[in-house]
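# A closer look at the structure
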Amino acid sequence: MPLWHIYHPADTLTAEDKQDFAKDITAYYARFGLPEFYAVALFHEVPVDSFYVGGVSIPAVRITIDHLARQLDDPDLRKHMSQRLHDLMAPYTLDRGLHLEFNINEVPRDTWMIGGLFPPPPGSHIERGWAEANKPIPY
């Protein structure tokens, strides 16, 4: 499960922007076979006078991503993924003149459940079934 916490200045993202951003996030992960329902995006509006970078209030976006469904051991692959995610974020942040920072936390698979179930093994026929049904199915 990728869980995105997107902290952004109030009134910088419209409802349509948020929906488009969430769809882009979901599409990114679905390309790799993850069920779409794994992708969760939470938008947190922060008043401009409550968002400080280096002690200065600036229009900024801070994104924290928790990766639970997959982890990458290879540093080059992690760097490549980070660049692709940066590119995904840019139209909603940098291209709008907003300062952007993000980080990715990789969480062990055996520490999360969804719908009361532990997730099936990556790439398994069960996970493919979850992706096709777009919901967790007991196994």
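The residue numbers shown here count from 1 along each chain, following its written sequence. Per-residue local features are limited, in this predicted model, to residues with pLDDT of at least 70; the limit for side-chain atom pairs, both in listing and counting, is 80 or more; totals at the level of whole chains, interfaces and linings are taken over all residues. Only hydrogens and water are set aside; all other atoms, that is, all heavy atoms of the structure, feed into the side-chain values.

### Quick word on the packing of helix 1 (residues 15-30) against helix 2 (residues 75-89)
Comment: axis = line fitted to C-alpha atoms, over the contacting stretch for helices; angle = value between 0 and 180 degrees taken between N-to-C directions. Numbered from the N terminus, helices here are DSSP runs of H or I no shorter than four residues, and strands are runs of E no shorter than two. As a packed pair, helix 1 and helix 2 sit with axes 10 Å apart at the nearest point and diverge in direction by 155 degrees. In terms of their interaxial angle, helix 1 and helix 2 are classed as roughly antiparallel. Crossing of helix 1 against helix 2: the hand is right-handed. Of helix 2, the residues touching helix 1 (which contributes Phe21, Asp24, Ile25, Tyr28 and Tyr29) are Met81, Arg84, Leu85, Leu88 and Met89. Classifying every residue of the contact of helix 1 with helix 2 by side-chain character gives eight nonpolar, no polar and two charged. The labels follow the angle: roughly parallel below 35 degrees, roughly antiparallel above 145, roughly perpendicular from 65 to 115, and oblique for the rest. Crossing handedness follows the turn of the near helix against the far one: under a right angle anticlockwise gives a left-handed crossing, and clockwise gives a right-handed one. For this analysis, residues touch if any pair of their heavy atoms sits within 4.5 Å. Polarity classes work like this: nonpolar for Ala, Val, Leu, Ile, Met, Phe, Trp, Tyr, Cys and Pro, charged for Asp, Glu, Lys and Arg, and polar for all others, with Gly in that last group.

### Observations regarding the confidence of the model for the protein
Summing up the model confidence of the protein, the mean pLDDT is 95 and the portion of residues at 70 or higher is 100%. The predictor's confidence in any single residue is recorded as pLDDT, a number from 0 to 100. For the protein, strand 3 (residues 52-53) is the element with the lowest average pLDDT, namely 90, and helix 1 is the one with the highest, namely 98.

### Description of the packing of aromatic side chains
Stacked, tilted and edge-to-face are the three classes assigned to paired rings of Phe, Tyr and Trp, where Trp is represented by its six-membered ring and a pair needs centres within 6.5 Å; plane angles under 30 degrees give stacked, over 60 edge-to-face, the rest tilted. Summed over the entire model, instances satisfying the criterion amount to 10 aromatic pairs. Taken together, the ring pairs in this structure connect Phe37, Tyr38, Trp112, Trp130 and Tyr139 into an aromatic cluster.

### Some remarks on the nonpolar core
By size, the foremost hydrophobic cluster in this structure holds 28 residues, and its most contacted members are Trp4, Phe21, Tyr29, Tyr38, Ile63, Leu85 and Met89. If you list the elements that add at least two residues to this core, you get strand 1 (2-9), helix 1, strand 5 (60-67) and helix 2. With near-sequence residues (within four places) excluded, Phe21 lies in contact with Trp4, Ile6, Phe43, Ile63, Leu88, Met89 and Tyr92. Buried Ala, Val, Leu, Ile, Met, Phe, Trp, Tyr and Cys residues that are joined via side-chain atoms within 4.5 Å together make up what is termed a nonpolar core. Summary of the burial criterion: residues with accessible area below 20% of their type's maximum are buried, those above 50% are exposed, and those between are partly exposed, where the area comes from a 1.4 Å probe applied to protein chains only.

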